[in-house]
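A closer look at the structure
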Amino acid sequence: MKALALDANILIRAVLGVHVRDLLFAYADTVRFCAPDVAWADAHRHLLTLLPKRGSDLAKGLARLEQLQAIVEFVEARFYETAKADALPRIERRDPDDWPVLACALLLDCPVWTQDVDFFGTGVATWTSDRVEFYLTAASQG
């Protein structure tokens, strides 16, 4: 099964919008989606601010984030820390806080799904939401 490592901004988009959430649910049976614990924590922290600013119900939004754990694997630090020495030098000049997402991608030998350009040039394929369906479709077809 092919996989994708998700950045926090994808989790946030899945809560705030429809397109990303629909893609996650549509391909959940054929693609392994995962996000490191820090991405989940970042998404939660940002949603605490974003949801009220948008006039959205905070409890419903946070519940939607929690529901994503049914299809997006929560990856603990003890798994991805083994790849820190490889991941951090690849991304530290742009955003060193993103190394856990890159480490997950390296360990799972999979692309990153993000809206963040910091992952470009790290040696790992990077998909944005407007193009990720090409990867998802190919992955679901074998």
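Scroll up for the structure.
Residues numbered from 1 in each chain as written. Predicted model: local features only at pLDDT ≥ 70, side-chain atom pairs only at ≥ 80, totals over all residues. Heavy atoms only, no water.

1. Description of the packing of aromatic side chains
Keep this limit in mind: Stacked, tilted and edge-to-face pairs are distinguished by plane angle, under 30 degrees for stacked and over 60 for edge-to-face with tilted covering the rest, among Phe, Tyr and Trp rings (Trp via its six-membered ring) whose centres lie within 6.5 Å. Put simply, DSSP H or I for four residues or longer makes a helix, DSSP E for two residues or longer makes a strand, and each gets a number counted from the N terminus. Burial here depends on accessible area, computed with a 1.4 Å probe over protein chains only, as a share of the maximum for the residue type. Under 20% is buried, over 50% is exposed, and the range in between is partly exposed.
Taken as a whole and assessed by the stated rule, the structure comprises 4 aromatic pairs. On the numbers, 6.2 Å between centres and 50° between planes, the contact of F33 with W113 is tilted. In this pair, F33 sits in strand β2 (residues 31-36) while W113 sits in strand β4 (residues 112-113), placing the two residues 80 residues apart along the sequence. According to the relative accessible area criterion, F33 is buried, its value standing at 1%. Residue W113 is classed as buried on the basis of its relative accessible area, which comes to 0%.

2. Side note on the packing of helix α1 (residues 8-16) against helix α4 (residues 58-67)
This is how the line gets drawn: An axis is simply a line fitted to the C-alpha atoms; with a helix, the fit covers only the stretch in contact. Between two such axes, the angle follows the N-to-C directions and lies from 0 to 180 degrees. Put simply, angles under 35 degrees are roughly parallel, angles over 145 are roughly antiparallel, angles from 65 to 115 are roughly perpendicular, and the rest are oblique. Note: crossing handedness is left-handed where the near helix turns anticlockwise from the far helix by less than a right angle, and right-handed where it turns clockwise. Throughout, a contact is declared for two residues whenever any of their heavy atoms are within 4.5 Å. Gly falls in the polar group here, along with every residue not listed as nonpolar (Ala, Val, Leu, Ile, Met, Phe, Trp, Tyr, Cys, Pro) or charged (Asp, Glu, Lys, Arg).
One way to put it is that α1 packs onto α4 with a least axis distance of 9 Å and a crossing angle of 125°. As summarised for this structure, α1 and α4 are arranged oblique, according to the angle between their axes. Crossing angle aside, the handedness with which α1 passes α4 is right-handed. In this structure, α1 contributes L11, A14 and V15 to the contact, and α4 contributes G61, R64 and L65. When grouped by side-chain class, the residues that make up the contact of α1 with α4 number 4 nonpolar, 1 polar and 1 charged.

3. As for helix α3 (residues 37-53)
Here is the rule we go by: Given the number of residues in a helix, its expected span is that number minus one, multiplied by 1.5 Å. In this scheme, the bend at a residue equals the angle between the axes fitted to the seven residues that finish there and the seven that begin there.
With 17 residues, α3 should reach 24 Å at 1.5 Å per residue; the first-to-last C-alpha distance of 25 Å fits that figure. L47 marks the point of greatest bend in α3, at about 35°. Those residues of α3 that fall on the buried side of the exposure criterion are D37, A39, W40, A43, L47 and L51. Where α3 ends, the next residue or the one after it, G55, has phi of about 75°, a positive value.

4. Some points on the pattern of salt bridges
So the rule is basically this: A pairing counts as a salt bridge when a side-chain nitrogen of Lys or Arg comes within 4 Å of a carboxyl oxygen of Asp or Glu.
Scanning the model with the defined rule gives 4 salt bridges in all. One salt bridge in this structure joins E73 and R32, with 2.8 Å as the shortest N-O distance. Taken together, the residues span a long stretch of sequence, with E73 in strand β3 (residues 72-75) and R32 in strand β2 at a distance of 41 residues. Of the charged contacts in the structure, one is a salt bridge between D42 and R45, with a shortest N-O distance of 2.9 Å. Of the two residues, D42 and R45 are both situated in helix α3; the distance of 3 residues between them amounts to about one turn of the helix. Take D42: its relative accessible area is 27%, and that puts it in the partly exposed class.

5. Examining the side chain of T122
Stated formally: N or O atoms closer than or at 3.5 Å make up a polar contact, with two conditions inside protein: a donor-capable atom paired with an acceptor-capable one, and, for residues adjacent in sequence, both atoms drawn from side chains.
Mapped onto the fold, T122 is located in the loop between β4 and β5 (126-127). For T122, the side chain forms a polar contact with the main-chain oxygen of F119, separated by 2.8 Å. Non-local contacts of T122, meaning those with residues more than four positions away in its chain, are made with R90, I91 and L102.

6. With respect to the nonpolar core
Cut-off, in case you're wondering: Residue types Ala, Val, Leu, Ile, Met, Phe, Trp, Tyr and Cys, when buried and joined through side-chain atoms within 4.5 Å, form a set referred to as a nonpolar core.
Ranked by internal contacts, the top residues of the largest apolar core, which has 48 residues, are L6, L11, L24, F33 and W113. Those residues within four positions of L11 in sequence are excluded, and the remaining contacts are L6, A35, A39, W40, A43, L65, L68 and V72.

7. Some points on helix α8 (residues 132-140)
For clarity, the threshold we go by: Here the arc refers to the directions that run from the helix axis out to each C-beta atom.
All buried positions along α8 are accounted for by V132, Y135, L136 and A139. The buried residues of α8 occupy an angular sector of 100° when the element is viewed end-on, so they sit on one face. The inward-facing, buried residues of α8 abut β1 (2-6), α2 (19-27), β2, β4 and β5.

Purely spatial values, then, with no claim about function.
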